[in-house]
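# Remarks on the overall topology
The chain contents come next:
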Amino acid sequence: KPDDMDPATWEKIKDHPCYSEEAHHYFARMHVAVAPACNIQCNYCNRKYDCANESRPGVVSEKLTPEQALRKVISVANEVPQLSVVGIAGPGDACYDWRRTKATFEKVAAEIPDVKLCISTNGLALPDHVDELARMNVDHVTITINMVDPQIGAKIYPWVFYNHRRYTGIEAAEILHKRQMLGLEMLAARGILVKVNSVMIPGVNDEHLIEVNRWVKERGAFLHNVMPLISDPAHGTYYGLTGQRAPRAIELKALQGRLEKGAKLMRHCRQCRADAVGLLGEDRGKEFTLDHIPDAVS
Ligand code: CLF
Ligand code: SF4
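Figured I'd write up the structure that's included with this text. Quick caveat, the model's predicted, so the values are computed rather than measured.

## A few points about the site of ligand 2
Near ligand 2 you find Cys38, Ile40, Gln41, Cys42, Cys45, Arg47, Cys51, Ala52, Asn53, Gly92, Asp93 and Asn122, and these make up its full shell. Residue classes in the shell around ligand 2 are distributed as six nonpolar, four polar and two charged.

## Focus on the sheet that holds strand 8 (residues 193–200)
Pairing within the open sheet is mixed, and its seven strands lie in the order 9-8-5-4-3-1-10. In this open sheet, the two edge strands, each paired with only one partner strand, are strand 9 (223–228) and strand 10 (277–278). Here helix 7 (residues 209–218) sits on the sheet and contacts strand 8 and strand 9; the angle it forms with strand 8, its principal contact strand, is near 170°. Where helix 9 (residues 249–258) meets the sheet, it contacts strand 8 and strand 9, and its direction lies at approximately 160° from that of strand 9.

## Let's talk about the site of ligand 1
Ligand 1 sits among 18 residues. The nearest are Cys18, Gly87, Cys118, Cys269 and Cys272. Partitioned by chemical class, the residues of the shell around ligand 1 number seven nonpolar, seven polar and four charged.

## Thoughts on the sheet that holds strand 2 (residues 40–41)
Judged by pairing direction, the sheet is antiparallel, and its three strands sit side by side in the order 2-6-7 without closing on themselves. Lying at the two open borders of the sheet, with one neighbouring strand each, are strand 2 and strand 7 (165–168). Sheet analysis places strand 6 (residues 159–162) next to strand 7, joined by four bridges and oriented antiparallel. Within strand 7, the position partnered with tyrosine 162 by the bridge is arginine 165. Each of strand 2, strand 6 and strand 7 touches helix 6 (residues 169–189); the most contacted strand, strand 7, lies at about 110° to it.

## Let's talk about unusual backbone geometry
Omega for the bond connecting glycine 90 with proline 91 falls within 30 degrees of zero, at 10°, which places this linkage in the cis form. Among the secondary structure elements, proline 91 is positioned in the loop between strand 3 (83–88) and helix 3 (98–111). A positive phi angle, close to 60°, is found at asparagine 137, a residue other than glycine. Structurally, asparagine 137 is set in the loop between helix 4 (130–135) and strand 5 (140–144).

## Things to note about the packing of helix 2 (residues 66–79) against helix 3
Here helix 2 crosses helix 3 at 35°, and the two axes come no closer than 9 Å. Two packed elements cross with a definite hand, and for helix 2 against helix 3 that hand is right-handed. Judged by residue contacts, Pro66, Ala69, Leu70, Val73 and Ile74 of helix 2 engage Arg100, Ala103, Thr104, Lys107, Val108 and Glu111 from helix 3.

## Here's the deal with the pairing of strand 3
Of all six residues in strand 3, six are buried; the element is thus mostly enclosed. Here strand 1 (residues 28–31) runs beside strand 3; their pairing, made up of four bridges, is parallel. By the bridge assignment, arginine 29 is partnered in strand 3 with valine 85. With four bridges joining them, strand 3 and strand 4 (residues 116–121) adopt parallel strand pairing. Among the inter-strand pairings, valine 85 is bridged to a residue of strand 4, identified as lysine 116. What joins strand 3 to strand 4 is helix 3, and the crossover it makes is right-handed.

## Re the pairing of strand 4
The two faces of a sheet get side chains in turn, since along a regular strand they alternate between them. Judged by how many residues are buried, strand 4 sits mostly within the fold: six of six residues are covered. Sheet topology note: the strand 4/strand 5 ladder contains four bridges and is parallel. What sits directly across from cysteine 118, in strand 5, is histidine 140. Taking the sense of rotation as the criterion, the β-α-β connection linking strand 4, helix 4 and strand 5 turns out right-handed.

How each quantity is defined
Residues numbered from 1 in each chain as written. Chains lettered and ligands numbered in written order. Predicted model: local features only at pLDDT ≥ 70, side-chain atom pairs only at ≥ 80, totals over all residues. Near = placed C-beta within 6 Å. Nonpolar A, V, L, I, M, F, W, Y, C, P; charged D, E, K, R; others polar. Pairing = 2+ DSSP bridges. Helix = DSSP H or I, 4+ residues; strand = E, 2+ residues; numbered from the N terminus. Contact = placed C-beta atoms within 7 Å. Axes fitted to C-alpha atoms, helices over the stretch in contact; angles between N-to-C directions. Left-handed = near helix turned anticlockwise from the far one by under 90°. Buried ≥ 20, exposed ≤ 12 C-beta atoms within 10 Å, placed from the backbone. Right-handed = clockwise from strand over helix to strand, strands pointing away.

What follows is the structure in structure tokens.
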């Protein structure tokens, strides 16, 4: 345990492969793709594919019902002894269709009480569900925060769908920004660990991520994970079509170097699929698709 870390925090991260760099050598996570829909549009996303906020864009994950997700978790738990975390990270937003996310977590917790639950969201619907996340003992929440300035946000998000209507432009980015900050503060106040993911988009928010890092640190984020934009024209994203380039590895490293003194950085992210299974960097998802797991679990 690092000297400057309190025991309660250590308990939460010691077997979480994303929150502890050490743990990722020994512990495995799995994602269940139970969240098909999304309430915002990111310019780096093609919604036919996985949510690019956390997961690898441009791959299609098999969408599961909460019942199917439970079957999958049980079958993975039986075969992957290192499994410590079950996460929901897409393919859309895990807080938008809340009933599916909640039902999945409740079923999993009832069958496998010692597995950790983890969630990744764009943050728009997050404040509405913080109390329930706390009640369900969800100790780890990732929010993707790409800006704290709505002027920059408007270049990343063409629209958000909030309170039954669609907002565009600066107004949309402002709403998203306020909800992200509120969600972050609410989680921090309840002792839930927050990881902030930022997608580094050269010429759009790369320099700005220094300010993002400062804001999220001030509001209690535990980790900041700066991930490179994956921009492949074949994925049919807006950025792919406009020729927005991805950062070079050296540019990402340089930015991470400049963030060193701010919120603690995560450097071992593998931009997993929304149906990833196994140790980070290992993907055993194919072994556990629905046609590979038993129909009923006794
Ligand atoms: Fe999954 Fe994300 Fe939870 Fe980890 S992944 S929901 S925090 S259990 Fe981890 Fe994968 Fe990077 Fe995500 S390496 S993409 S940070
Ligand atoms: Fe796509 Fe995820 Fe953005 Fe939603 S939050 S538009 S699923 S990248």
